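Understanding the architecture of this molecule
The chain contents come next:
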Amino acid sequence: MSDTRLIIVGSALTFAGFLLGGITGTQYQQYTVQADQFGVCYNYTPDSQAIKVKCDEKMQDKFFFLAVSLGLIGGGVFVLVKGIRGKWDQNVKSDEMVGPKK
């Protein structure tokens, strides 16, 4: 029997990891292309002005968010597997059980 709470938490963590990776990945995609093609990175403001930024700092930010995203996904998968294996609810001692007695 599985532990439903852990499955829900694991699914939420995994979803949050993919969501964070998708959102931050699109933000840093332009800097990756600029660094690979031109070697110089620019941040474009809403009024179409180009501001020069350091490509190295943007790549570090990108890898930081990638690491956080992969950490969330990995943690979510770990918790999900623990929930599917279902050994959390079954190992409760009889004197620690709450609820109606049989």
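See above for the structure.
Residues numbered from 1 in each chain as written. Predicted model: local features only at pLDDT ≥ 70, side-chain atom pairs only at ≥ 80, totals over all residues. Heavy atoms only, no water.

Below, the discussion takes up the overall build of the protein chain. In terms of regular secondary structure, the protein chain is built from 2 helices and 2 strands. Put simply, the protein chain runs from its N terminus to its C terminus through helices and strands in the order α-β-β-α. Referenced to the eigenvectors of the C-alpha coordinate spread, the extents of the protein chain come out at roughly 75 × 25 × 15 Å. A total of 102 residues make up the protein chain; the buried ones form 20% of that total. The long-range share in the protein chain, meaning contacts at least 24 apart out of those at least 6 apart in sequence, stands at 64%. Accessible surface, the protein chain: about 7,800 Å² in total, of which carbon and sulfur atoms supply 63%. (Helix = DSSP H or I, 4+ residues; strand = E, 2+ residues; numbered from the N terminus. Buried < 20%, exposed > 50% of the residue type's maximum accessible area, 1.4 Å probe, protein only. Contact = heavy atoms within 4.5 Å. Areas by Shrake-Rupley, 256 points an atom, 1.4 Å probe, with all protein chains shown as cover.)

Bringing unusual backbone geometry into the picture now. Backbone geometry places Ser 48, a non-glycine residue, at a positive phi of 65°. On the secondary structure map, Ser 48 appears in the loop between β1 (41-44) and β2 (50-53). Exposure remark for Ser 48: the relative accessible area of 66% places this residue in the exposed category.

Glancing now at the packing of aromatic side chains. Ring pairs (aromatic) are described by centroid distance and by the angle formed between their planes. Within this structure, the stated rule accounts for 3 aromatic pairs. Taken together, a centroid distance of 6.2 Å and an interplanar angle of 50° make the contact between Tyr 28 and Tyr 31 tilted. Within this pair, Tyr 28 and its partner Tyr 31 are both found in helix α1 (residues 4-37), separated by 3 residues, close to a single helical turn. Judged by relative accessible area, which is 4%, Tyr 31 ranks as buried. The side chain of Lys 62 reaches across the aromatic face of Phe 63, ending 5.8 Å from its centre. (Phe/Tyr/Trp six-rings, centres within 6.5 Å; stacked < 30°, edge-to-face > 60°. Lys NZ or Arg CZ within 6 Å of the ring centre and 35° of its normal.)

From the geometry alone we can't say anything about function, so treat these as descriptive.
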